[in-house]
Amino acid sequence: MLDRLHCESAGLRVRVHDGLTPKSARRLQDFLEDCPSASWLQCPEFTRRCPPPGRHRYVMLSAAERHGRLAGFGLARLSRLMPGRYLASFRRGPVTRSPEDLARILPGFAARLRQMGCCSMQLNPRWSGAGDVAEVTGILQRAGARQLPAGEQSLHAATALVSLRGSPDELMGRLKQRCRRQIRKAAKAGLEVRPAKSEAQALAFGGLMRGFFKARGLGLESVPPVERQWAMTRERGAFLLAWQQDRLMGGHVMIGDGGRAFWLVLARAEGQRAAAPAGYPLIWEALKTAQAQGFSVYDMAGAPDGAGAPDAGARSRDQFKSAFNPDVTPLVPAHVLPLRQPDHAVLFGLRQKARGLRAAWRQR
């Protein structure tokens, strides 16, 4: 492991890593598998799966006890605000085994990033459920962090979880009637969902996915290229394609995310209308696959949190997800922690205003 710099904080050694040796990588993987707050966005493989644009760079930080036991890990995205000053963003991170460990590592992570020229730190550790969210939010606010307004949340602050308990028949029985009806309708219309047989077949999904995202004004910056999606599903997960009369009508990629099965991508063909929507049978096959692979819950990657008025596209997605009868659970919303004043007040404030103006321009 190539450690550039480290510091001591609260009995922990905080390090910034240039890379990981195979032994260190295995040790980190064991740690992440033991953390309820683990997320694919906070994985050392993330930058390989989603190569960052030139305006961003990533750094890995870890916090360890004096005897070597890991207490926390974080993958921070550094965005340049001005020469020598950066915003450090932990998307769904940092990762710890417990909220108490999060409170312990925060001072060391903040000190380390401040030494690197960061004036602001944005974070939203992936804890869910009202109790854990309230506890973690309290920890962040006592550390001096401020919750960002709903319009400045770049990731969803609530998600929809489908329980995978019981048999496939019991799973089907918990779906709403309109969902079961759409699945049957798709089957009668000859729409078939099958796993991609090869990477070449998976790559055929790429053009369809890009067209779907472009038509809806959605960005692909945090979506891995299709060949990476294929690789991410080889051990656990699924790369599913929907066909009708030999035409590709849609696809869905499900990955393992911590202990959850996770909706990574769902897209359907533009300009073609199947006799029944492809999304319903695609998600149904993903649920059965996740259940067979031993996952206990399927994360639908977002749900309305009651903040703000959703647009028509969001309402349509929420209606679709609700057909699978999920439980909506809150997630920790993004907070920002000042690291250097007055740089934070000036630079972070200007950044947020510029982002708001760009969003308003796109909606015109």
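A brief structural summary. (Residues numbered from 1 in each chain as written. Predicted model: local features only at pLDDT ≥ 70, side-chain atom pairs only at ≥ 80, totals over all residues. Heavy atoms only, no water.)

Relative to the elements of secondary structure, F324 occurs in the loop between α10 (312-322) and β14 (327-330). In the structure, F324 is positioned 24 residues away from M300 in sequence and 9.7 Å away in space, judged by C-alpha atoms. Residues in contact with F324, not counting those within four places in the same chain, are V162, L175, C179, Y280, I283, W284, L287 and M300. (Helix = DSSP H or I, 4+ residues; strand = E, 2+ residues; numbered from the N terminus. Contact = heavy atoms within 4.5 Å.)

The next point concerns the environment of S163. Along the chain, the position of S163 falls in strand β8 (residues 158-163). When the C-alpha atoms of S163 and V297 are compared, they prove to be 4.7 Å apart, with 134 residues separating the residues in sequence. Ignoring sequence-local partners within four residues, the contact set of S163 consists of L171, R174 and S296. In this structure the side chain of S163 is engaged in a polar contact, spanning 2.9 Å, whose partner is the side chain of R165. (Polar contact = N/O pair within 3.5 Å; in protein donor to acceptor, adjacent residues only side chain to side chain.)

Moving on: empty space enclosed by the protein. Applying the stated criterion across every chain yields a total of 1 cavity of 30 Å³ or more. Forming the walls of the largest cavity are F46, C50, P52, P53, H56, Y58, R77, E221 and S222. For the lining of the largest cavity, the class distribution of residues is 5 nonpolar, 2 polar and 2 charged. (1 Å grid on protein atoms, 1.4 Å probe; cavity = no way out; pocket = protein on both sides within 12 Å on 5 of 7 lines; lining within 4 Å. Points joined across faces, edges and corners; volume = space filled by probe spheres on them. Nonpolar A, V, L, I, M, F, W, Y, C, P; charged D, E, K, R; others polar.)

Next up on the list: the nonpolar core. In terms of nonpolar packing, the biggest core is built from 39 residues, with W40, F205, M209, F239 and V265 touching the most fellow members. Counting residues per element, the ones that place at least two in this core are α1 (22-33), β3 (56-65), β4 (70-82), α7 (199-215), α8 (226-232), β10 (238-244), β11 (247-257) and β12 (260-268). Broken down by element, this core gets its largest block of residues, 6 residues, from α7. Here M209 is in contact with L220, V223, V226, Q229, V265 and A267, once residues within four sequence places are set aside. Residues A160, Y280, A303 and F320 belong to the second largest nonpolar core, which totals 32 residues. (Core = buried A, V, L, I, M, F, W, Y, C linked by side-chain atoms within 4.5 Å. Buried < 20%, exposed > 50% of the residue type's maximum accessible area, 1.4 Å probe, protein only.)

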